[in-house]
Structure formats: structure tokens, C-alpha cells
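Structural description and commentary
The lines below spell out each chain.
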Amino acid sequence: MTPRKKKLDDADVLVLFGATGDLAKKKLFPALYNMARSGFLTTDVVGVASTKWSHEEFVNYAFESIKKTVAAPDDKVLGFLDKHLDLIVGKYEEQALYDDLAKRLEGKKNIVIYLAIPPSAFEQVTRGLHAAGLMDRVRLVVEKPFGRDLKSAIHLQDSLEMVLPEERIFRIDHYLGKESVEDILVFRFANSIWEPVWNHRYISSVQITMSEDFGIEGRGAFYDGVGALRDVLQNHLLQVLALIAMEPPSEINSHNMEDEKLKIFRAIAPLNPESVVRGQYVGYLDEPGVKPHSDTETFAAALVHIDNWRWAGVPFYLRTGKALAETTLEVVIEFKQPPRMLFAETQAGAPNILRFRLGKKDGVDIELLAKSPGDSLSTQPVQLNVEFSAALGERQEAYERLLRAAMSGDHMRFTRIDSVLETWRILENVINGEPALFPYFVGSWGPERANELVGGEWIDL
């Protein structure tokens, strides 16, 4: 717990709106514990919520969440958090809450405010913060999705820009905080072996899957107003697609990275409803909080084309869903077959595969053909596997890395507004047109129609 040397732009307080909510419980408090343990967190953390808890109840809530995630937490670190955690209780619609917060933050010069609350409340909260005279000292962190569609995202941005410049807005897509996702950049741009084949001449298709083997877990009231397209495809999956497809930036910094991702998004035409499959698992309508006859999708798959020189003609298939057969996050690159099939009997239907595993057991698999033992020149697929956590050690969790970046004023792992608006443009026709909804059974891989999208079957996970 040796405190690190502070920099000029470092935050001197962190404020968590929604401090008694689900995100804080599952992700933020464990991240704060790890930051305190490493000596990074040296400031107060002020929670804001409508839950009428005492300081002791709030601290116990935080400690319970930490103990569910951290094995044998250090008493010294917990003692530090006990002294530095605080809670302000009030209603978001009442100005008195923001005035109380302003009094608590007197003397603080670099304030990070994290809105771990529904996006529908962002505008109301920022107005209250502005009326309390706080916005000239604030870096504002907002959760995704940023808006519900292109029109609402523009409106939300306009409302934020009235009280806060763009450089002090940090939009979270927690996939950008994953070390496994950043590995895509290192894999591509630190290893020259891949660049000659990273294009339409050698790559046949790209598949990106984010699946979960569980349902909405009691979050029906939230999820029913969002759905798989807004919750995952518009942000997480398109961000991963951009890292796979982008050109190398001239320098690794937030500005250049966003410029290159923006070029990819602008090269994608708005999706047609015919190129998207929506599904809903059987039993979703019985979940608490879900509206009767809801047509919210719990599964979405899309065919995306990037109309530029490198990727012309290469299909990118995106898929996400709840209550599916497995929980996984991965990218599968399928390479084209050689121009002549010299080992036709065994070589046919077995292209080379490169797989990025971006979930808990992150790593890379490469599937090649090798000679089978015996007299004949027959082939069989073999896999070369690397698990990064085993080879390199344990990784930091995404939310810890995002909190560190926000408190240091580093935009590197956050999205920029022009890219966000482009991703909403890509989905605009689908959101407005809402393709037909197909049922699927829990434990399957979604509606059969999703296989028709790829012209057969998705590559086995």
C-alpha cells in the first residue's frame, strides 16, 4: 500500500453516483480495493445514492462485495477504505442533493464523477451538478449505452456540452479496459508476421461472438428497455471489430486511436434489417420486470461489410446473446484455402483459423493442418494454444484500469463522441425498423435463422 507519487492531473476525489447499485457492487468496489492495495488510490471516495444508509451500512455493503471477489482481503486496505468511503443520500431530482455534494467537495480541484446510473438520468444529474457550481472542476465518466439511438445520443451530447467540454467527458465501454482486447493491438502491430495476410486477399471471414449462458438475472426492468443490439452490439462488438480492422495509428494515444477507429466506422454502411437476426429466449417474458408481450431481443446477429481497400468483400459476422450454450468472448479469423488443394481428401473444409479468446482464459489459438502419422500424405488439424494468464500472469480487471485512467485524465480507453455517433448511424435502420423476432431455447446457440446469416453454421467455439 505504498502511495504512488501524484501527478498534476490526478483526481483528488472520486464521486460515485449509483453507489448502492448493481455495477458498484459487482465491479467498482472490488476495483477500488485493488487500487488501494496497489497504492494508486489515495483519495476519498464519495458515494451518492437515494438509499438511506448510514456510513456503517454503506461500508459493510462495499466490503461484502469486495469479499465476494477478493480472496482473503487485507485488513489494512479495508481499514483505509473505511476511513475514505463516504455516502451522501438524496434524490437526483432535488437540487439539495447537489448542494450537499458541493459542500462535501469544497477545496477539491480535480473531481472525477462517475455516473453508474441509467443513461436516462445523465441529463438531470449534470444539470444539478452545474447548478451547484461543480462542473468547472469535473471530469465526468458516463456508462454505456450513450443514448438509445442516433437522435438521443446527439441530444445527450448537446446537453452535456452545455455544461462540460468534450475533453472532460469520459464515455465507458468496459471492453476497452480489457487487457485481452488490447492484446489485439499488440498481436497485430507488434508482430510483423501478420500484416501481409491481414486483408481481403487472405482472410475469408471474421466472426465476433459475445455469448452468455445465463439470462437477465433479475434485471428485467433495465434490460427490457435496452436489448442486445443496444447493450452489446452497438458498443462492445463494434469496438472489437474496429480493433481487428483498423489501420495502425501513427502513435498509440487516444487521439490517433480514435481517428483510425472512426475511419472503420465511416466505411460501414447502415445495416439493413435483412442483414440482422433478432431473437428472444423462450421464458424471457416470464422474467420479473419484463413487460407482457415485450419484443426486446435477447439475441442479435449481424452481417457487416467494411467498404475500404483492405476489407472489400470480407464478411464480418457479429453475434451476441443471453441464455446461450456457453459464456464466451472471442474473435475467429478464417483464412482462405490455398489456391490448389493438393491433399484434397483431407484438406477440404479445413481452413486455417486464428482465434482470439478475450474472456477469462484469454489467449490465442492457431489451427493449422499437419500430416497425419502413417504412409499417406493425409492431413489433420492441430491447434497451437497460448493462455496469456498462464504465460504472463494475472491481469487487472477492466473497471480497475478504467478508473485508473479516468482519475489520471487519460482518454486512451474511452470512446469519442464522433465514433459513438457513427456506431449509432450504423444501427439506425435496424433500431427504427426492428427486424422480426425469432424464439430460441435456453442452452442453444440462438435462432436457426442466425445460421442462415453466415450461409451454413458459425465456426465451432
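Within the protein chain, the secondary structure is distributed over 15 helices and 15 strands. Taking 2.2 N^0.38 as the reference for a compact globule, 461 residues should give roughly 23 Å; the C-alpha atoms of the protein chain span a radius of gyration of 24 Å, in line with that estimate. Based on the C-alpha atoms only, the size of the protein chain along its principal axes is roughly 80 × 50 × 40 Å. With 461 residues in all, the protein chain has 54% of them scored as buried. Within the protein chain, contacts between residues at least 6 apart in sequence are counted, and of these 76% link residues at least 24 apart. Accessible surface computed for the protein chain: about 21000 Å², of which carbon and sulfur atoms make up 52%. Charge separation in the protein chain, taken as the distance between the mean sites of 53 positive and 67 negative side-chain charges, equals 4 Å.

Compared with the 24 Å implied by 1.5 Å per residue over 17 residues, the 24 Å span of helix H14 (residues 417–433) between its first and last C-alpha is a close match. The largest bend along H14 reaches roughly 50 degrees and is located at Leu427. Among the residues making up H14, those that are buried are Ile417, Ser419, Val420, Glu422, Thr423, Trp424, Arg425, Ile426, Leu427, Val430 and Ile431. Taken together, the buried residues of H14 touch helix H6 (150–161), strand E6 (169–171), helix H9 (227–245), helix H10 (254–266) and strand E8 (276–281). Where H14 terminates, the next one or two residues include Glu434, which has phi positive at roughly 40 degrees.

Take the sheet that holds strand E9 (residues 299–305) next. What the nine strands build is an open sheet, ordered E14-E13-E12-E11-E7-E10-E9-E8-E15; its pairing is mixed. Edge positions in the sheet fall to strand E14 (379–387) and strand E15 (437–440), since each has one partner strand and no second. Each strand axis lies, on average, 20 degrees off the axis of its neighbour in the sheet, ignoring direction. Examined bridge by bridge, E8 and E15 share four bridges and lie parallel to one another. Paired with Tyr281 across the bridge in E15 is Tyr440. Set on the sheet, H9 makes contact with strand E7 (203–211), E8, E9, strand E10 (315–321), strand E11 (328–335) and strand E12 (353–357); between it and E10 the angle comes to about 145 degrees.

Quick look at a nonpolar patch on the surface now. A surface patch of nonpolar side chains, about 220 Å² in accessible area, is lined by Leu368, Val382 and Leu384. Following the sequence through the fold, Leu384 ends up in strand E14.

We now examine the side chain of Asp362. Assignment of secondary structure puts Asp362 in the loop between E12 and strand E13 (363–371). Here Arg395 takes part through its side chain, which lies 3.1 Å from a polar atom of the side chain of Asp362. When residues no more than four places from it in sequence are discounted, the contact partners of Asp362 are Ser180, Asp183, Arg357, Val386, Glu387, Phe388, Ser389 and Arg395.

The six strands are arranged E3-E2-E1-E4-E5-E6 in an open sheet whose pairing can be described as parallel. Edge positions in the open sheet fall to strand E3 (85–89) and E6, since each of these has one partner strand only. Pairwise comparison of adjacent strand axes, ignoring direction, gives a mean angle of 20 degrees for this sheet. Bridge count between strand E1 (residues 13–17) and strand E2 (residues 44–49): five bridges; the pairing is parallel. Counterpart to Val13 in the pairing with E2 is Asp44. The strands that helix H5 (residues 122–131) touches are E1, strand E4 (111–115) and strand E5 (138–142); relative to E4, the one it contacts most, it runs at about 155 degrees.

This brings us to the packing of helix H7 (residues 179–189) against H9. Running from amino to carboxyl end, H7 crosses H9 at an angle of 10 degrees, the nearest separation of the two axes being 9 Å. One element, H7, and the other, H9, form an angle in the roughly parallel class. Along the contact surface, H7 presents Val181, Ile184, Leu185 and Arg188, while H9 presents Val240, Leu243, Ile244 and Ala245. Across the contact of H7 with H9, the residue classes tally to seven nonpolar, no polar and one charged.

Let us now look at the nonpolar core. Core analysis: the biggest nonpolar cluster contains 105 residues, and Phe17, Leu101, Leu129, Phe316, Ile333 and Phe356 have the highest contact counts within it. The next biggest cluster of nonpolar side chains, apart from the first, holds 42 residues, and it includes Phe58, Val59, Tyr61 and Phe170.

Tallied over the entire structure, the rule returns 14 aromatic pairs. With a centroid separation of 5.1 Å and an interplanar angle of 90 degrees, the aromatic rings of Phe170 and Phe414 are classed as edge-to-face. With a gap of 244 residues between them, Phe170 in strand E6 and Phe414 in the loop between helix H13 (398–408) and H14 connect regions that are remote in the sequence. Exposure remark for Phe170: the relative accessible area of 0% places this residue in the buried category. On the basis of relative accessible area, Phe414 is assigned to the buried category, the value being 2%. A centroid spacing of 6.0 Å and a plane angle of 70 degrees characterise the contact between Tyr317 and Trp458, whose relative ring orientation is edge-to-face. Here the residue Tyr317 occupies a position in strand E10, and Trp458 occupies one in the segment after helix H15 (449–453), the gap between them amounting to 141 residues. Classification of Trp458 as buried rests on a relative accessible area of 6%.

Conventions adopted
Residues numbered from 1 in each chain as written. Predicted model: local features only at pLDDT ≥ 70, side-chain atom pairs only at ≥ 80, totals over all residues. Heavy atoms only, no water. Helix = DSSP H or I, 4+ residues; strand = E, 2+ residues; numbered from the N terminus. Rg over C-alpha atoms; globule rule 2.2 N^0.38 Å. Buried < 20%, exposed > 50% of the residue type's maximum accessible area, 1.4 Å probe, protein only. Contact = heavy atoms within 4.5 Å. Areas by Shrake-Rupley, 256 points an atom, 1.4 Å probe, with all protein chains shown as cover. Lys, Arg positive; Asp, Glu negative; His and termini not counted. Charge placed at Lys NZ, Arg CZ, Asp CG, Glu CD. Expected span 1.5 Å × (residues − 1). Bend = angle between axes of the 7 residues up to and from the residue. Pairing = 2+ DSSP bridges. Axes fitted to C-alpha atoms, helices over the stretch in contact; angles between N-to-C directions. Patch = residues over 30% accessible without salt bridge, like charges linked within 9 Å, V, L, I, M, F, W, Y side chains within 5 Å. Salt bridge = Lys/Arg side-chain N within 4 Å of Asp/Glu carboxyl O. Polar contact = N/O pair within 3.5 Å; in protein donor to acceptor, adjacent residues only side chain to side chain. Parallel < 35°, antiparallel > 145°, perpendicular 65-115°, else oblique. Nonpolar A, V, L, I, M, F, W, Y, C, P; charged D, E, K, R; others polar. Core = buried A, V, L, I, M, F, W, Y, C linked by side-chain atoms within 4.5 Å. Phe/Tyr/Trp six-rings, centres within 6.5 Å; stacked < 30°, edge-to-face > 60°.

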